[in-house]
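A closer look at the structure
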Amino acid sequence: MALIQISEPGQSSKPHERKLAVGIDLGTTNSLVATVRSGKAVTLPDEKGEHLLPSVVYYAKDKSILVGTAAKQHKITDPLNTITSVKRYMGRSLEDIKAKESPLHYEFVQTDSNVPRIKTQAGNVSAIEVSAEILSVLKQRAELSLGDELTGAVITVPAYFDDAQRQATKDAARLAGLNVLRLINEPTAAAVAYGLDKISNGVIAVYDLGGGTFDISILRVTQGVFEVLATAGDTALGGDDFDNVIANWIKQQLDLDADIDKSLRNQITHAACQAKQTLTTERSADITIKFPDKEATLTLSREQLNSLIDPLIKKTLLPCRRALRDAQVELEEIKAVVMVGGSTRVLRVRDKVGEFFQQQPMVDSNPDTVVALGAEIQADVLVGNKAESDLLLLDVVPLSLGLETMGELVEKIIPRNTTIPVTRAQDFTTYKDGQTAMSIHVVQGERELVSDCRSLGRFSLKGIPPLVAGSARIRVTFEVDADGLLHVSAREETTGVESGIEVKPSYGLTDSEIEKMLLDSMEHAEEDIAARMLHEQQVEADRVLEALAAALEDDGDILSEQERQKIDAAAQQLAKIKTGNDDRAIKQAMQELDKVAEVFVSRRMDSNIRKAMAGHNVDEFKAQD
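Throughout what follows, the structure given in this document is the object of discussion. (Residues numbered from 1 in each chain as written. Predicted model: local features only at pLDDT ≥ 70, side-chain atom pairs only at ≥ 80, totals over all residues. Heavy atoms only, no water.)

What to know about the nonpolar core
If you look at the biggest cluster of nonpolar residues, it comprises 50 residues, and the most contacted ones within it are Ile216, Ile218, Ile250 and Phe357. No other element matches helix 9 (residues 302-327), which puts nine residues into this core. For Ile250, the contacting residues outside a window of four places in its chain are Ile268, Ala272, Ile287, Ile289 and Leu298. (Core = buried A, V, L, I, M, F, W, Y, C linked by side-chain atoms within 4.5 Å. Buried < 20%, exposed > 50% of the residue type's maximum accessible area, 1.4 Å probe, protein only. Helix = DSSP H or I, 4+ residues; strand = E, 2+ residues; numbered from the N terminus. Contact = heavy atoms within 4.5 Å.)

Some points on unusual backbone geometry
Phi at Lys63 takes a positive value of approximately 75 degrees, unusual for a residue other than glycine. Position of Lys63 among the secondary structure elements: in the loop between strand 5 (56-59) and strand 6 (65-67). On the accessibility criterion, Lys63 (57% relative accessible area) is exposed.

Quick word on the packing of aromatic side chains
In the structure shown here, the tally under the stated rule is four aromatic pairs. Measuring from centroid to centroid gives 5.4 Å for Tyr89 and Phe108, while their planes differ by 90 degrees, and the two rings are edge-to-face. Here the residue Tyr89 occupies a position in the loop between strand 7 (82-84) and helix 2 (94-100), and Phe108 occupies one in strand 8 (residues 108-109), the gap between them amounting to 19 residues. Each member of the pair, Tyr89 as well as Phe108, is classed as buried. Ring pairs connect the aromatic residues Tyr89, Tyr106 and Phe108, which therefore count as one cluster. When the ring centre of Phe291 is taken as origin, the NZ or CZ atom of Lys294, which lies over that ring, is 5.5 Å away. (Phe/Tyr/Trp six-rings, centres within 6.5 Å; stacked < 30°, edge-to-face > 60°. Lys NZ or Arg CZ within 6 Å of the ring centre and 35° of its normal.)

Re the packing of helix 7 (residues 239-253) against helix 8 (residues 262-278)
Close contact between helix 7 and helix 8 brings their axes to 8 Å; oriented N to C, the two are set at 110 degrees. The pairing of helix 7 with helix 8 is recorded here as roughly perpendicular in orientation. Considering only the axes of helix 7 and helix 8, their crossing is right-handed. Here Gly239, Phe242, Asp243, Asn244, Ile246, Ala247, Ile250 and Lys251 of helix 7 come into contact with helix 8, specifically with Ile268, Thr269, Ala272, Cys273 and Lys276. Here the contact of helix 7 with helix 8 is built from residues that sort into seven nonpolar, three polar and three charged. (Axes fitted to C-alpha atoms, helices over the stretch in contact; angles between N-to-C directions. Parallel < 35°, antiparallel > 145°, perpendicular 65-115°, else oblique. Left-handed = near helix turned anticlockwise from the far one by under 90°. Nonpolar A, V, L, I, M, F, W, Y, C, P; charged D, E, K, R; others polar.)

Some points on the layout of surface pockets
Empty space within the second largest pocket amounts to approximately 840 Å³. Of all the secondary structure elements, the ones that give two or more residues to the lining of the second largest pocket are strand 20 (401-405), strand 21 (409-414), strand 24 (437-444) and helix 13 (525-555). In terms of residue count, the dominant contributor to the lining of the second largest pocket is helix 13 (eight residues). Residue composition of the lining of the second largest pocket, grouped by class: 14 nonpolar, seven polar and eight charged. (1 Å grid on protein atoms, 1.4 Å probe; cavity = no way out; pocket = protein on both sides within 12 Å on 5 of 7 lines; lining within 4 Å. Points joined across faces, edges and corners; volume = space filled by probe spheres on them.)

Things to note about empty space enclosed by the protein
Under the counting rule described, the total for this entry stands at three cavities of 30 Å³ or more. Approximately 120 Å³ is the volume found for the largest cavity. Asp163, Arg166, Val397, Pro398 and Gly484 are the residues nearest the centre of the largest cavity, which is lined by 16 residues in total. If you list the elements that add at least two residues to the lining of the largest cavity, you get helix 4 (163-175) and strand 19 (392-396). Residues belonging to the lining of the largest cavity are distributed by class as follows: nine nonpolar, three polar and four charged.

Points about the pairing of strand 14 (residues 214-222)
In terms of burial, strand 14 is largely enclosed, as seven of its nine residues are buried. Where strand 13 (residues 202-209) and strand 14 come together, eight bridges link them in antiparallel fashion. Its bridge partner being in strand 14, Gly202 is matched across the sheet by Val221. If you look at the hairpin formed by strand 13 and strand 14, you'll find four residues sitting between the two strands. (Pairing = 2+ DSSP bridges.)

Brief notes about the pattern of salt bridges
Taken as a whole and assessed by the stated rule, the structure comprises 20 salt bridges. Among the salt bridges present, the one from Glu493 reaches Arg491, with a minimum N-O distance of 3.7 Å. Glu493 sits in the partly exposed class, given a relative accessible area of 26%. Between Asp542 and Lys578 there is a salt bridge, with the nearest N and O atoms lying 3.0 Å from each other. With a gap of 36 residues between them, Asp542 in helix 13 and Lys578 in the loop between helix 14 (561-577) and helix 15 (583-596) connect regions that are remote in the sequence. Three or more residues are tied together by salt bridges with common partners; here these are Asp427, Arg473, Arg475, Arg491 and Glu493. (Salt bridge = Lys/Arg side-chain N within 4 Å of Asp/Glu carboxyl O.)

Below, the structure is given as C-alpha cells:
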C-alpha cells in the first residue's frame, strides 16, 4: 500500500525542506541578517566574515552605489554623498529634520509629495531608497549563504516608531524585494533572543539604546507569551547624540567655530565615536585631529565622558518612569532588566540603568546581534518551520488613535498601550439636516483638542442619504495590524456606502513630540477637560440656534410680534454668550432660550397636528389602528 504524505498547514510537504526566512535588524549604525541553522538562530556574515553591515550608503559620480564598509570609507572625504544614520530620517518631513539638525548634515530637496530627498551626485534619493539599498545587500547575503530564495523576513523597528516610520520601513523592504512577514518591535525581539520565554515568568524591562533611537518596554512573560504592558522612548536619541556632545567638546577645546566645513566636522565626529568606544575598556582616550597645516591631540578621560553624556542618559530614564507608571508596575516587580543596542556598551549607561531599576542589568548577550536573532526566531515560527510554538508576541500602540468630532474635539478610538493587533469601532451621526457627506480626520495623541494632537490623514465618506440631522448611523472602524500599521474605514449602515484609508502620512513625529504629547496630556488634564466641556456646549448652542432658525423660517407666523421679539432676544443672547469661555453660562443661556421658546414649540406642534388631521376625522385613525 502506498503512503500519502501530508503536512501541517504552512509547512513544507517534505520534512527535510525548510522555508527560508530571515530576521533583519535595520539599525541606525549597523544592520544584520540572521537565520536558523541546526535549530539555532545565527547571524550571517559576508564573504569577508563580517557580520555587522555598517548602515552607510555612498553614491558615486558614475552613479554606482556602495553599501557598508566600502561606503563608510568615503564619510570623511565625501560627506555629502555618504549617507549615514538614515533611520533617523525615515517617515519624517523636511521640517521635522530641520528641527533636529542644525546645520543639516546633507542637502535636502523638497518634493511635491512632501517626502524630502537627499541631493547626491548620483541623483536625489529618499530615506526609503537609502534603506532599501541596505536591505538589498542583506537580502543578497542571505540568499548567497542559504543558496535559495527567501520566503520572507521579519524586520525590527523601534517600539516608539509611529505609523509613518513603520510604513516607510515596510516600503523600503518592498523596494528591496523582500516579503515582510511582520514588523516586530526591537525590545520584544531582544527578549525573545534572550530566551526569557523559557526561563522567566514575570515582568521584565527591555532597555534598548541604539545608534539613533531609544526604547523602553515593560513586558509580562507567561509561559511563552510576551505581553507588552507599556512602551515609551525617543525616536531621535542614541549613540549618535553621545558622539555629538563629545564632538562639541573637541571643538570647544580646539577653539573651533560651530560653522566648520563638513569634512572636518565628520573627522571630529568619527574621532569622538572612536574615543567613546575606547573608554568602554580604558580610563582615557587620545584624540588626534588633522588640519591641513598641523595636528592637534587631546585626551578625554572616562570621568569627563560621564559628565558629558549624563544629561542624555537622564533623558532615557524619564520614559522609563512613564512606562512603569503606564504599565502599573512597581520597581520591585521587575524580575530582569535586559540591555539591548550598541550604546549600552557604554559603562555609564549600565551603571545609571542599574541604579534606576535597583538591580544589575543583563548584559551577557551581544547587544549588536540580539535583536536580529530574536527577529529570526519569530520569522522561523511565522513561515511554519516549527511544528508547534508556544511563542506569542503581543505588542502595543504607543500613542492613542482617534478622530476629530464637531468643535475640533478628539474622540479617542484606540487608547495608547492597547495590545495589537486590534480593531475598534464607534458609531457617529450627521450634524446637519440633509448632510450627504462626512469628512473624517484621523489624529494621534493624548490631548482633548485636535490642535494639540498630530494629524495622520483625512478621507471623505460620500453618498450618505439626506436624512434629518442625527438620523444617519456611520460606523467608523480603526484597525491596527500586527505591524502597528493603521487602517481606518467608515460605513453608512442603512445604505452600505463605505470608504476607507490606509493611514500613510509622509512624515513622522518630531524628535521629542511623543514625549511632549504624553507630558502635556498630564500637565494640562484639567485645562483639557474644561476646554472640552466648553467646546461641547458651543457645538450644542450652534445646533440649537440652527434648528430654531429653521423652525422660525417655516412657522414663525404663528407667533405674535411680542413673542417673536422675546425669542429673538434670547437667541441673540445665546449667540453672544457662546463666543465666550464660560460653558456654564452657555448652558444657562440655552435653558433660558428653551423657556422662552416653549410657547412656540407647543403651538407649532398643535399646528402640525391640525395640518395632519385636515380633511380627516378621529374615527379614520382608529380604523387604521
